[in-house]
Amino acid sequence: MYELFFRLFFRRMDAERAHHLAFGWIRLTAKVPVLRTLVAAWLAPRHEELRTEALGLRMHGPFGLAAGFDKNAVGIDGLAMLGFDHVEIGTVTGQGQPGNPAKRLFRLVPDRALINRMGFNNEGSQVVAARLAARRTVFRTTVGVNIGKTKAVPEAEAVADYVTSTRRLAAYADYLVVNVSSPNTPGLRDLQATAALRPLLSAVRAAADHAVPGRRVPLLVKIAPDLADADVDAVADLAVELGLDGIIATNTTIARDGLGLRSDPALVKETGGLSGAPLKERSLEVLRRLHARVGDRLVLVGVGGIGDAEDAWQRVLAGATLVQGYSAFIYRGPLWARAVHKGLAARLAASPYATLADAVGADTRKVTA
C-alpha cells in the first residue's frame, strides 16, 4: 500500500518537501493520545527475544533510525511510535546554519538510494539542547545525539566547536556521536585522520565528563565508507586506545563508480553523499573489518544499505550490536520498522543462537576459529 502511495504521490514531489510533509504527519499523529497509542500498538509490537543491552543501556531491540531524519529533535516520540528502538538526532552543530542551497536531496528510485548535500542544516546546539531539556517523554526510546562541525568555523577551531555542542547536549544524550564523516561540510572528513581525530575525541570525552559528572555518557565516532582499510584499522585502534564506547559504520559515500547504479545519469552525477542499497556491500565490509580488529571491546553500529530484516541480520552476524537505517524508510514507509523486527525475530528463532547477543559477530568468529 505505501509503495503505491509513494509512486503516485511522494515520487512526484520534491524529496525534501516530501520529507517535511511526511515527518509533519508523524509528529501530528504522536500528539493525539489515543491515536498514537493505537499506532504504536500496531507498528511497534515488542519482541522480548530482541531486547538489547548496549552502551550500558537497555533497549527494546537493536534497530534504530540513523541521524539525518530528525535533525532538530522535534519528532523523537513520533519516530519511537513507529517502532524504532533508538533515534539518533542531528547532526547538530555548535551554531545554527541553513545548510547548502536547495535543491539538495535527490532520490535514485531504481537504486533504492538517496543523494544528499544537505550540509548539516540545523538550529544549532543551544536551541536543540533547550528542546531536549523541555521534552516530556511519551514513548521510552534511546536518544543518541550526533554532533558535527559548524561550516563557518575554521578547521583549526573545530575542536572548540565540538566541545561547545558537547557541553550543551551531553546531559540529554543517552549516547553521543562525533560525526567526522559527512562529505557535505568542507574539510570535515580530514578530521578522520588519527592525528586530528585524537585531540578531537579526547576533548569531547573530557567535555562530556565535565558536563555530566554523575554519568558517563557513551561516546562513539561515525566513519566514512570511503576510508582505506588501513585507515579503518587506525581509527579502530585509536577508539580502543582512547576508551571510546563504539564506532558507527558507515556514513554516506562519495563513490559512484563500481556501484552498478541504474538511475538517471544526471542524478547520479549530483554531488553529495550517496546512501541506500548501493552502499550495502562496502558498509558491511567495513563492519566486518572493524569487528575483526576490536572484537567485543567496542559496540559496533551497522548502518548503510539496510533495507530489510535480512540486511539487519547480516550486520548482526558481522559484529553489529545495533543497526540503523534511514534511506529505506523513504521507500518502505511506516511499516518498515515493524517488518524488520518481525524478520529479525524469525531469523533468530531459526538460528542456532539462544539470544541476539550470541549472534553478534558470529560470522567473524567462524572465520577466526
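This text goes with the structure placed above it.
Basis of the calculations
Starting from 1, residues in each chain are numbered consecutively following that chain's sequence as written. Selection of residues for local features in this predicted model requires a pLDDT of at least 70, selection of side-chain atom pairs for listing and counting requires 80 or more, and totals for whole chains, interfaces and linings are taken over all residues. Computation of side-chain values covers all heavy atoms of the structure but excludes hydrogens and water. Within 6.5 Å between ring centres, the rings of Phe, Tyr and Trp (the latter by its six-membered ring) count as paired, and their orientation is classed by plane angle as stacked under 30 degrees, edge-to-face over 60, tilted in between. Each helix is a run of H or I in the DSSP string that is no shorter than four residues. Each strand is a run of E no shorter than two, and both are numbered from the N terminus. Residue burial is assigned from relative accessible area. The probe radius is 1.4 Å, only protein chains are included, and a residue is buried under 20% of its type maximum, exposed over 50%, and partly exposed in between. Lysine and arginine charges are scored as sitting over a ring when NZ or CZ, respectively, is within 6 Å of the ring centre and within 35 degrees of the ring normal. Note on pairing: DSSP must find at least two bridges between two strands before they are called paired. In this description, a line fitted to the C-alpha atoms serves as the axis of each element, helices being fitted only across the stretch in contact, and the angle between N-to-C directions of two axes falls anywhere from 0 to 180 degrees. Here, two residues are considered to be in contact whenever any of their heavy atoms come within 4.5 Å of each other. Pairs of N or O atoms within 3.5 Å make up the polar contacts considered here, provided that, within protein, one atom can donate a hydrogen while the other can accept it, and that residues adjacent in sequence are counted only when both atoms are side-chain atoms. Cavities and pockets are defined on a 1 Å grid built over the protein atoms alone: a cavity is a set of grid points where a 1.4 Å probe fits but cannot escape, while a pocket is an open set with protein on both sides within 12 Å along at least five of seven lines, and lining residues are those with an atom within 4 Å of any such point. Grid points are joined across faces, edges and corners, and a volume is the space filled by probe spheres set on the points. Classification used: nonpolar for Ala, Val, Leu, Ile, Met, Phe, Trp, Tyr, Cys and Pro, charged for Asp, Glu, Lys and Arg, polar for all others including Gly.

(A) Focus on the packing of aromatic side chains. The full count for this structure, using the stated rule, is 11 aromatic pairs. Look at Phe-69 and Tyr-326: their rings are 5.7 Å apart centre to centre, the planes differ by 70°, and that puts the pair in the edge-to-face class. Remark: Tyr-326 occurs in the loop between strand 13 (322-325) and helix 12 (327-332) and Phe-69 occurs in the loop between strand 3 (63-65) and helix 4 (76-81); sequence separation between them is 257 residues. Look at Phe-69 and you get buried, because its relative accessible area is 5%. Residue Tyr-326 is classed as partly exposed on the basis of its relative accessible area of 22%. For the pair Phe-69 and Phe-329, a centre-to-centre distance of 5.1 Å together with 40° between the ring planes defines the contact as tilted. Residue Phe-69 is located in the loop between strand 3 and helix 4, and its partner Phe-329 is located in helix 12; the two are separated by 260 residues in the primary sequence. Judged on exposure class, the residue Phe-69 and its partner Phe-329 are both buried. Sitting over the face of the ring of Phe-23, Arg-27 holds its NZ or CZ atom 5.5 Å from the ring centroid.

(B) The arrangement of the sheet that holds strand 8 (residues 175-179) in detail. Overall, parallel pairing links the 8 strands, which are arranged 3-4-7-8-9-10-12-13 in a closed barrel. Each adjacent strand pair in this sheet contributes to an overall mean axis angle of 25°, direction not counted. In the sheet, strand 8 pairs with strand 9 (residues 219-223) via 4 bridges, with the strands oriented parallel. Across the sheet, residue Asn-179 finds its bridge partner in strand 9, namely Lys-222. Packed on one face of the sheet, helix 5 (residues 125-134) meets strand 4 (86-93) and strand 7 (142-148) and runs near 150° to strand 4. Packed onto the sheet, helix 6 (residues 158-169) meets strand 4, strand 7 and strand 8 and runs at close to 155° relative to strand 7.

(C) Structural view of the side chain of Thr-52. You can see Thr-52 is positioned in strand 1 (residues 52-54). Exposure remark for Thr-52: the relative accessible area of 7% places this residue in the buried category. At 2.8 Å, the side chain of Thr-52 forms a polar contact with the backbone oxygen of Leu-50.

(D) Representation of the layout of surface pockets. There is about 690 Å³ of room inside the second largest pocket. Tyr-2, Phe-10, Ala-22, Gly-333 and Pro-334 are the residues nearest the centre of the second largest pocket, which is lined by 31 residues in total. For the lining of the second largest pocket, the secondary-structure elements that each account for two or more residues are helix 1 (2-8), helix 2 (15-30), helix 3 (33-43), strand 5 (105-108), helix 12 and helix 13 (336-350). Looking at which element gives the most residues to the lining of the second largest pocket, the answer is helix 2, with 7 residues. Considering only residue class, the lining of the second largest pocket consists of 25 nonpolar, 3 polar and 3 charged.

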